[in-house]
Amino acid sequence: AQSVTQLDSQVPVFEEAPVELRCNYSSSVSVYLFWYVQYPNQGLQLLLKYLSGSTLVKGINGFEAEFNKSQTSFHLRKPSVHISDTAEYFCAVSRMDSSYKLIFGSGTRLLVRP
Amino acid sequence: DAMVIQNPRYQVTQFGKPVTLSCSQTLNHNVMYWYQQKSSQAPKLLFHYYDKDFNNEADTPDNFQSRRPNTSFCFLDIRSPGLGDAAMYLCATSMSRTYNEQFFGPGTRLTVL
């Protein structure tokens, strides 16, 4: 079975500071990896995904993530955050052989302060 | 704009009173999903339709049913809502089961009194 761990339930950061949201996964098979963002009372929006190829993935809104197979991690980073980045961020995995099923982590709330 | 629409955005029902949540999509995607997201938790897949083929997750309670009368619409029926069913219900679509980007609607927040 697959599982996703987001160790930080909340990350407070000042505006224009860099941020890293951590994600580790466990799987006995190869997986695809995703980061989704959820603004208050909204659905989820895909930030970026890793399917194959380059381990550094760039997404929308200036976010990027790096796939590290040896550490089974897929951490999300942004060099300079804005107030508008305040939201819940979910890391997710899906098996390559049944990629429709997303397994989500418990989420990290990014709180950007002025 | 192509999108996933959920109605209503907020639904209040009484304990044990059947309720139906609606999802429609203009993306013409083959797959439609229903997720349950309880407060401060990750979304959890309840079931999905691949075209007309219904696929239930093993741990989805029997109290939850779904209908997909056509490509554009999918409904979530909760036959006898309990207090524990209060949650955000998210509908999502994808082009196929192997195309892994899912597009989410804004969700319906269900309150059970």
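Conventions we followed
Residues numbered from 1 in each chain as written. Chains lettered and ligands numbered in written order. Predicted model: local features only at pLDDT ≥ 70, side-chain atom pairs only at ≥ 80, totals over all residues. Heavy atoms only, no water. Contact = heavy atoms within 4.5 Å. Buried area = accessible area lost by both parts, 1.4 Å probe. Salt bridge = Lys/Arg side-chain N within 4 Å of Asp/Glu carboxyl O. Polar contact = N/O pair within 3.5 Å; in protein donor to acceptor, adjacent residues only side chain to side chain. Helix = DSSP H or I, 4+ residues; strand = E, 2+ residues; numbered from the N terminus. Nonpolar A, V, L, I, M, F, W, Y, C, P; charged D, E, K, R; others polar. Core = buried A, V, L, I, M, F, W, Y, C linked by side-chain atoms within 4.5 Å. Buried < 20%, exposed > 50% of the residue type's maximum accessible area, 1.4 Å probe, protein only. pLDDT = per-residue confidence, 0-100. Lys, Arg positive; Asp, Glu negative; His and termini not counted. Pairing = 2+ DSSP bridges. Axes fitted to C-alpha atoms, helices over the stretch in contact; angles between N-to-C directions. Disulfide = S-S within 2.5 Å.

Draft legend 1. The interface of chain A and chain B, seen in detail. Facing 19 residues of chain A, the contacting portion of chain B comprises 24 residues. With both chains or domains summed, chain A and chain B bury close to 1700 Å², and 52% of this area falls on carbon and sulfur atoms. It is Asn41, Leu44 and Tyr100 of chain A that lose the most area in chain A upon contact with chain B, and together they represent 35% of the buried surface on that side. Here chain A and chain B share two salt bridges between them. Lys49 of chain A serves as the salt-bridge partner of Glu101 of chain B, at 3.8 Å between the closest nitrogen and oxygen. One can count four residue pairs in polar contact (both at pLDDT 80 or more) joining chain A with chain B. Counting residues per element, the ones that place at least two in the side of chain A that touches chain B are strand 5 (31–38), strand 6 (44–50) and strand 11 (98–104) of chain A. Among the elements that make up the side of chain A that touches chain B, the one with the highest residue count is strand 11 of chain A (five residues). A class-by-class count of the residues in the side of chain A that touches chain B yields ten nonpolar, seven polar and two charged.

Draft legend 2. View of the nonpolar core. Ranked by size, the top nonpolar core spans 27 residues in total, and within it Trp35, Leu48, Leu76 and Tyr89 of chain A carry the most contacts. At the level of secondary structure, the elements contributing two or more residues to this core comprise strand 2 (10–14), strand 3 (19–21), strand 5, strand 6, strand 8 (64–68), strand 9 (73–78), strand 10 (87–95) and strand 12 (108–113) of chain A. Membership of the second largest hydrophobic core comes to 19 residues, among which are Tyr36 and Leu102 of chain A together with Tyr35 and Phe104 of chain B.

Draft legend 3. Just the confidence of the model for chain A, in detail. Taken as a whole, chain A shows an average pLDDT of 92; of its residues, 99% reach a score of 70 or greater. Per-residue pLDDT, averaged within each element of chain A, yields its smallest value for strand 11 of chain A (82) and its largest for strand 3 of chain A (98).

Draft legend 4. Local environment of the side chain of Arg68 of chain B. All names here are of chain B. Inspection of the secondary structure assignment puts Arg68 in the loop between strand 7 (64–67) and strand 8 (73–78). Nearest to the buried, unbridged Arg68 among oppositely charged side chains is Asp51, at 5.2 Å. Separated by 3.0 Å, the side chain of Arg68 and the backbone oxygen of Asp51 make a polar contact. When near neighbours in sequence (up to four residues on either side) are disregarded, Arg68 contacts Gln25, His29, Asn30, Val31, Met32, Tyr49, Tyr50, Asp51, Phe73 and Cys74.

Draft legend 5. Representation of the sheet that holds strand 1 (residues 4–7) of chain B within the structure. Residue and element names in this part refer to chain B. What the four strands build is an open sheet, ordered 1-3-8-7; its pairing is antiparallel. Strand pairing shows two members of the sheet lacking a second neighbour, strand 1 and strand 7, which therefore form its edges. The average angle at which neighbouring strand axes cross in this sheet is 20°, direction not considered. The pairing of strand 7 with strand 8 spans four bridges and is classified as antiparallel. Each residue of the ladder has a partner; that of Phe64, found in strand 8, is Ile78.

Draft legend 6. Fine view of the side chain of Thr93 of chain B. Residues and elements named next belong to chain B. With respect to the element layout, Thr93 can be found in strand 9 (residues 87–94). A distance of 2.9 Å separates polar atoms of two side chains, one belonging to Thr93 and the other to His29. Ignoring sequence-local partners within four residues, the contact set of Thr93 consists of Val4, Gln25, Leu27, His29, Val31, Met32, Tyr33, Glu101, Gln102 and Phe103.

Draft legend 7. Just the state of the cysteines, in detail. Residue and element names in this part refer to chain B. Enumeration according to the criterion identifies two disulfides over all chains in this entry. The residue that forms a disulfide with Cys23 is Cys91, at a sulfur-sulfur distance of 2.0 Å. Residues Cys23 and Cys91 are joined through a disulfide that is left-handed, its torsion about the S-S bond being -75°. A residue pair is termed long-range when its members are at least 10 positions apart, and Cys23 in strand 3 (residues 19–25) and Cys91 in strand 9 qualify at 68 residues.

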